[in-house]
Amino acid sequence: MYSRYEFNVTQKPWGYEIVQVARSYIIEGQNVIESVPVIGIWHIVNNTLYEIYTIAGEDMYIHNYTVRPGSSGVFHSILPVAPSIWPYVKEGEVIRTKYVINFTDLRRGVNLKSTIITTFKVDKDLVDCQGPSGKCYVVEMIRNSKSKTRRGGEISERRYRHVYYIDLSGIVVKAETYDLTQPVNPLMSEIKLVEWR
C-alpha cells in the first residue's frame, strides 16, 4: 500500500492555512483500491502548528490542539509542508523535547500514561537535494516512548529513528522512519516530495 498527500498552503492575515487531502491505495495483484479521501485543516500562527479538524467520509473530527515537535502525528500527516521542528532548525543544533500524555479510554476503562523523549540533531553541513532551493538540512531524530497502563500494568517501549531532509524553504524533501526495536529491515516508511508548484 502507499499514500499520496496533496497540500494547499494559503497565507492569511494571522498566518497560514494548510488544507491536506490524503488518499491511500491498496494494491492486490492487478487491482488498486483507493480509499475515501481524508481532508485535514491545519493552521500555523506565530510559528506554532495547530491541527484544527479532519473530515473522513461522512465523519468530522474537531481537534484544535498544538502539534509539538516529536509528537506522533507529525510523522505521517503534516510533516512534508509544516515540520513542527522547523523554527528551531539551524546547522549543528541539538534540540531535546519531553512530554507526558495521560489518556483515559472510558469505553474500556483503561488509563494510559506515555512519556516521549526526543532528541533532534541537525548536521553542520547542508546537502544537495531535490527541493525548491536545492539545498537541505539533514535532521536526525531519535524518539523513545514508554507507555504503561494503570489497570493491567503492561509496559511497552518503542524506539524510532527519523531522518529528515528539509529544504531551506522549510519543505521536507524526504523523510525516513526506522523502527529500532526490530532486528531486521527496520525501515518502516518513507515520504518523498513528488511535485512542488
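Anyway, here's the lowdown on the structure attached to this text.

Rules and cut-offs
Residues numbered from 1 in each chain as written. Predicted model: local features only at pLDDT ≥ 70, side-chain atom pairs only at ≥ 80, totals over all residues. Heavy atoms only, no water. Disulfide = S-S within 2.5 Å. Buried < 20%, exposed > 50% of the residue type's maximum accessible area, 1.4 Å probe, protein only. Helix = DSSP H or I, 4+ residues; strand = E, 2+ residues; numbered from the N terminus. Polar contact = N/O pair within 3.5 Å; in protein donor to acceptor, adjacent residues only side chain to side chain. Pairing = 2+ DSSP bridges. Patch = residues over 30% accessible without salt bridge, like charges linked within 9 Å, V, L, I, M, F, W, Y side chains within 5 Å. Areas by Shrake-Rupley, 256 points an atom, 1.4 Å probe, with all protein chains shown as cover. Salt bridge = Lys/Arg side-chain N within 4 Å of Asp/Glu carboxyl O. Core = buried A, V, L, I, M, F, W, Y, C linked by side-chain atoms within 4.5 Å. Contact = heavy atoms within 4.5 Å.

**Details of the state of the cysteines**
And then number 1: As enumerated under the stated definition, the model contains one disulfide in all.
And then number 2: With a sulfur-sulfur separation of 2.1 Å, Cys129 is cross-linked through a disulfide to Cys136. Classification of the bridge connecting Cys129 and Cys136 rests on its S-S torsion, roughly 80°, and on that basis the disulfide is right-handed.
And then number 3: Accessibility expressed as a relative area gives 0% for Cys136, which makes it buried.

**A word on the side chain of His162**
And then number 1: Considering the arrangement of structural elements, one finds His162 in strand E11 (residues 155-167).
And then number 2: Its relative accessible area of 1% is what places His162 among the buried residues.
And then number 3: A polar contact is formed between the side chain of His162 and the side chain of Thr177, at a distance of 3.1 Å.

**What about the pairing of strand E1 (residues 2-12)?**
And then number 1: Relative to strand E2 (residues 15-28), E1 is paired through eleven bridges, and the arrangement is antiparallel. Counterpart to Glu6 in the pairing with E2 is Val21.

**Remarks on a nonpolar patch on the surface**
And then number 1: A cluster of nonpolar side chains, Met1, Ile26 and Ile33, forms an exposed patch at the surface whose accessible area comes to about 310 Å².
And then number 2: Structurally, Ile26 can be placed in strand E2.
And then number 3: Assessed through its relative accessible area of 39%, Ile26 is described here as partly exposed.

**Observations concerning the nonpolar core**
And then number 1: Ranked by internal contacts, the top residues of the largest apolar core, which has 14 residues, are Val139 and Tyr164.
And then number 2: Residue assignment for this core shows that the elements contributing at least two residues are strand E8 (110-122), strand E10 (135-149), E11 and strand E12 (172-179).
And then number 3: In terms of residue count, the dominant contributor to this core is E10 (three residues).

**Some words on the side chain of Glu51**
And then number 1: Here Glu51 is to be found in strand E5 (residues 48-56).
And then number 2: A relative accessible area of 10% means that Glu51 is categorised as buried.
And then number 3: There is a polar contact of 2.7 Å between the side chain of Glu51 and the side chain of Tyr65.
And then number 4: Contacts of Glu51, omitting those with residues within four sequence positions, involve Ile41, Trp42, His63, Asn64, Tyr65 and Val67.

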